Amino acid sequence: MSFLERIFDNLREQPERTKLIEVRGTSLQGTDGAGILELVGRARASIEQAGLAPGDRVALLAPNSTRWVAADLAALAAGAIVVPLYDRQDPKELAVMLRSAEPKLLLAATKELAAPVIEAWAQGKGAESVGCTVIDFEALFEPAPSTQGLHPRAEDDCVAIIYTSGTSGEPKGVMLSRANVDYMIPQTIARIARAVGERAGPDRVFHFLPFCFAASRMMLWTQMSRPNPLMMSTDLGNLVIEMAVAKPNYFLNVPAVLERIRNGVGAKLEERGGVALAIWRRAQAAYAKSLAGTAGLLDAAALELGRRVVFTKIKQQIGPNLEFLISGSAPLSADTQRWFQMLGIPVYQAYGLTETTGIVSLDDPDKVEAGKVGVPLEGQTLKVSEEGELLVKGPNIFSGYWRKPEETAEAIRDGWFHTGDQVEIEGANLRIVGRIKNLIIPESGHNISPEPIEEKFMAACPPAEQCMLIGHGRAHVAIIVTGKPPQEAIDRAVEAVNAELPFYKRIRAVLRADETFTIENGLLTANQKLRRRVIEAHFEKQIDAIYVEAAKAAKTKGKGEEKG
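Anyway, here's the lowdown on the structure attached to this text. (Residues numbered from 1 in each chain as written. Predicted model: local features only at pLDDT ≥ 70, side-chain atom pairs only at ≥ 80, totals over all residues. Heavy atoms only, no water.)

**Quick look at the overall build of the chain**
When its secondary structure is counted, the chain shows 18 helices and 24 strands. Radius of gyration (C-alpha) of the chain: 25 Å, near the 24 Å computed for a compact globule of 564 residues. Principal-axis analysis of the C-alpha atoms places the extent of the chain at approximately 90 × 55 × 45 Å. By residue count, 51% of the 564 residues in the chain fall in the buried class. If you sum the accessible surface of the chain, you get close to 25300 Å²; carbon and sulfur atoms cover 51% of it. Measuring between centres, the 65 positive side-chain charges of the chain sit 4 Å from its 70 negative side-chain charges. (Helix = DSSP H or I, 4+ residues; strand = E, 2+ residues; numbered from the N terminus. Rg over C-alpha atoms; globule rule 2.2 N^0.38 Å. Buried < 20%, exposed > 50% of the residue type's maximum accessible area, 1.4 Å probe, protein only. Areas by Shrake-Rupley, 256 points an atom, 1.4 Å probe, with all protein chains shown as cover. Lys, Arg positive; Asp, Glu negative; His and termini not counted. Charge placed at Lys NZ, Arg CZ, Asp CG, Glu CD.)

**Section: the pairing of strand S5 (residues 105-108)**
Looking along a regular strand, one sees the side chains alternate between the two faces of the sheet. Residue alternation in S5 divides its side chains into two sets, Leu-105 and Leu-107 and Leu-106 and Ala-108, and both sets are buried. Note that strand S3 (residues 57-61) and S5 share 4 bridges and pair parallel. Residue pairing in the sheet places Val-58 in a bridge with Leu-105 of S5. Each parallel crossover has a hand, and for S5 linked through helix H5 (residues 111-122) to strand S6 (residues 133-136) it is right-handed. (Pairing = 2+ DSSP bridges. Right-handed = clockwise from strand over helix to strand, strands pointing away.)

**Structural notes on the side chain of Glu-454**
Tracing the backbone shows Glu-454 in helix H15 (residues 450-460). Here the side chain of Glu-454 touches Arg-532 through a polar contact of 2.8 Å, side chain to side chain. (Polar contact = N/O pair within 3.5 Å; in protein donor to acceptor, adjacent residues only side chain to side chain.)

**Some remarks on helix H8 (residues 214-225)**
When the terminal C-alpha atoms of H8 are compared, their 16 Å separation across 12 residues agrees well with the 16 Å that a helix rising 1.5 Å per residue should span. Among the 12 residues in H8, 11 count as buried, and that is most of the element. Among all positions in H8, only Ala-214, Ser-216, Arg-217, Met-218, Met-219, Leu-220, Trp-221, Thr-222, Gln-223, Met-224 and Ser-225 are buried. (Expected span 1.5 Å × (residues − 1).)

**A short note on the environment of Glu-112**
Summarising the element assignment, Glu-112 is placed in helix H5. For Glu-112, a relative accessible area of 61% gives the class exposed. Sequence spacing of Glu-112 and Asp-136 is 24 residues, and the spatial spacing of their C-alpha atoms is 9.2 Å.

**A look at the pattern of salt bridges**
Taken as a whole, this structure holds 28 salt bridges when the rule is applied. The closest approach of N and O atoms between Lys-372 and Glu-369, which form a salt bridge, is 2.9 Å. Looking at Glu-369, the relative accessible area reads 32%, which means it is partly exposed. With its nearest N and O atoms 2.8 Å apart, the salt bridge here joins Arg-431 to Glu-424. The network of salt bridges with shared partners includes Arg-199, Asp-203, Arg-226 and Glu-323. (Salt bridge = Lys/Arg side-chain N within 4 Å of Asp/Glu carboxyl O.)

**Digging into the side chain of Thr-18**
When you line up the elements, Thr-18 lands in the loop between helix H1 (3-13) and strand S1 (20-24). A polar contact is formed between the side chain of Thr-18 and the backbone oxygen of Gln-14, at a distance of 2.8 Å. Beyond its immediate sequence surroundings of up to four residues, Thr-18 is in contact with Asn-10, Leu-11, Gly-33, Ile-36, Met-224 and Pro-227. (Contact = heavy atoms within 4.5 Å.)

**Describing unusual backbone geometry**
Following Arg-226, the chain continues into Pro-227 via a peptide bond in cis, with omega recorded as -5°. With respect to the helices and strands, Pro-227 occurs in the loop between H8 and strand S10 (230-233). Positive phi, close to 50°, is recorded for Glu-102, a residue that is not glycine. Its location among the elements puts Glu-102 in the loop between helix H4 (91-101) and S5.

**Observations regarding the nonpolar core**
Of all hydrophobic cores here, the largest spans 113 residues; its most connected members are Ile-47, Leu-73, Leu-107, Leu-140, Leu-220, Trp-221 and Trp-280. The leading source of residues in this core is helix H3 (residues 66-77), at 9 residues. Of all hydrophobic cores here, the second largest spans 24 residues; its members include Val-83, Leu-98, Val-130 and Tyr-163. (Core = buried A, V, L, I, M, F, W, Y, C linked by side-chain atoms within 4.5 Å.)

**A closer look at the sheet that holds strand S15 (residues 375-376)**
One open sheet accounts for 9 strands, arranged S2-S1-S10-S9-S11-S12-S13-S14-S15; its pairing is mixed. Each edge of the open sheet carries a strand with a single partner, namely strand S2 (27-31) and S15. As paired elements, strand S11 (residues 250-253) and strand S12 (residues 325-327) share 2 bridges and run parallel to each other. Across the sheet, Leu-252 pairs through a bridge with Ile-326, a residue of S12.

**Things to note about the packing of aromatic side chains**
Considering all chains together, one arrives at 15 aromatic pairs under this definition. Ring geometry for Trp-280 against Phe-311: centres 5.7 Å apart, planes inclined by 85°, an arrangement best described as edge-to-face. A residue pair is termed long-range when its members are at least 10 positions apart, and Trp-280 in helix H11 (residues 274-292) and Phe-311 in helix H12 (residues 297-318) qualify at 31 residues. We classify Trp-280 as buried; its relative accessible area is 5%. Each member of the aromatic cluster is reached from another via a ring pair, and the members are Trp-280, Phe-311, Trp-339 and Phe-340. Lys-172 extends its terminal NZ or CZ atom over the ring of Tyr-401, reaching a point 5.1 Å from the ring centre. (Phe/Tyr/Trp six-rings, centres within 6.5 Å; stacked < 30°, edge-to-face > 60°. Lys NZ or Arg CZ within 6 Å of the ring centre and 35° of its normal.)

**Thoughts on the pairing of strand S23 (residues 477-481)**
With 5 of 5 residues buried, S23 is to be regarded as a mostly interior element. Side chains Val-477, Ile-479 and Val-481 project from S23 onto one buried face, and the interleaved Ala-478 and Ile-480 project onto a second face that is buried too. Direction of pairing for strand S22 (residues 467-470) relative to S23: antiparallel, over a ladder of 4 bridges. Bridge pairing links Cys-467 to Val-481 in S23. A loop of 6 residues connects S22 with S23, the two strands running antiparallel in sequence, and Gly-471 in this loop sits at a positive phi of about 140°. In terms of strand pairing, S23 meets strand S24 (residues 507-512) through 5 bridges, oriented parallel. Pairing of Ile-480 across the sheet is with Leu-511, part of S24.

Note that every value here comes from positions in space, so none of it alone points to a role or purpose.
In structure tokens:
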């Protein structure tokens, strides 16, 4: 049975368990399987009227909602290849993807959302020049439901083209097959079952990450395949209230959100001060000693007091029903993973790429090691190249990049997908060192992975919002810091980080950026990864200036030493 057949069977046979629930302000608005099937039928009728043929591409541009899911399922049921797009991404970037995919239909939440994308796509030639029919959701769900069944699909048939985030160049369309998804869903169901254990009723699962991303889509299809209801965010600016309403048992995260939670809690405690802060600090120190195996009786007492007086209250504020969290998109720092564990909220890390159908490894609850990204899923074969790059072979590997045979041949060699990630396989778990393409090679000729140093800096400088290491082809390494941390906090962090590094990795200069890295200003990808080349180009003048100043300071210091 294919994943689509299973989902449609669940919608018909277990409508309450396959419910989708929108979190709207302080209320929950649910649609059961029967209601979803009706929406799918209506959208299917619109798609049929548009003359879609099996294998045609259908672009989907909308925020997460029950209607997004229904539109997606309707296009898949009709035999189309769905091209999901991020509704908050720059229209010019989306236009690049659309020119590549050449969809016959664009399903958009509203005409207003589609208009700037179509304009950028047409490049001034008029909307009719793109050769694509645009249907907004109001029109999409208007007709009477179609009675057509699922269009048959072979295992190798492409079901989705998901465009990569484009951190280092033009986005590429990753083609995922039915077989890829058929393999992945049972794997994720099994790992979630290990984390959840025995439960009489359904899980309370909240979801805020856009469904257009591979791992996010796998979470959606996993819950619909189990089946289990899924609560969806409808306002990313209102997550705190939505979380309080949803009261989830678990949800999928990205490290940036977890780091923000940790820093926010710390800042509030520091601001309030008093006895609670003193207990918090002492309990944290005791927890660190317990991890190191050096805790004594007083530490045990301090830790127990912290759990009773502070930790429990913090956990209640983060999520009273939280049993665990899942973190993906990028490695989570070991310190932050331990911090949540200290509060009694395990964080299970997942690692993967769009090209691996979202996941390569996922933490096994019995084998979690802070700072590592879990145990590889069964059925894959992994190895590490001489350069330290992770290579993967298995049923989760994509079939190729859409209309890019050269890039496909470069990525998949002799059946092995080259992930571009530097890894270490330690015991059962993977540890991500960094991206090979992100290597910084200063004038000294040393290879430097920026990610571990950035992680250490952020841990040492909590007031900073973001940081990025630079120095490729330069005399030394420097760092860009965003936010408004006090200069003394930056200085202390640099000193602490440098103390653990060899001379060629040490940070010799700091650029305090005048703006943060965001999706809106193009310095972050849609899933909040650093666009390193774009950031360097954006701050080029300031970067040049700090290196000039550093060179002057070094020269002055050298003259002073000569005189001495």
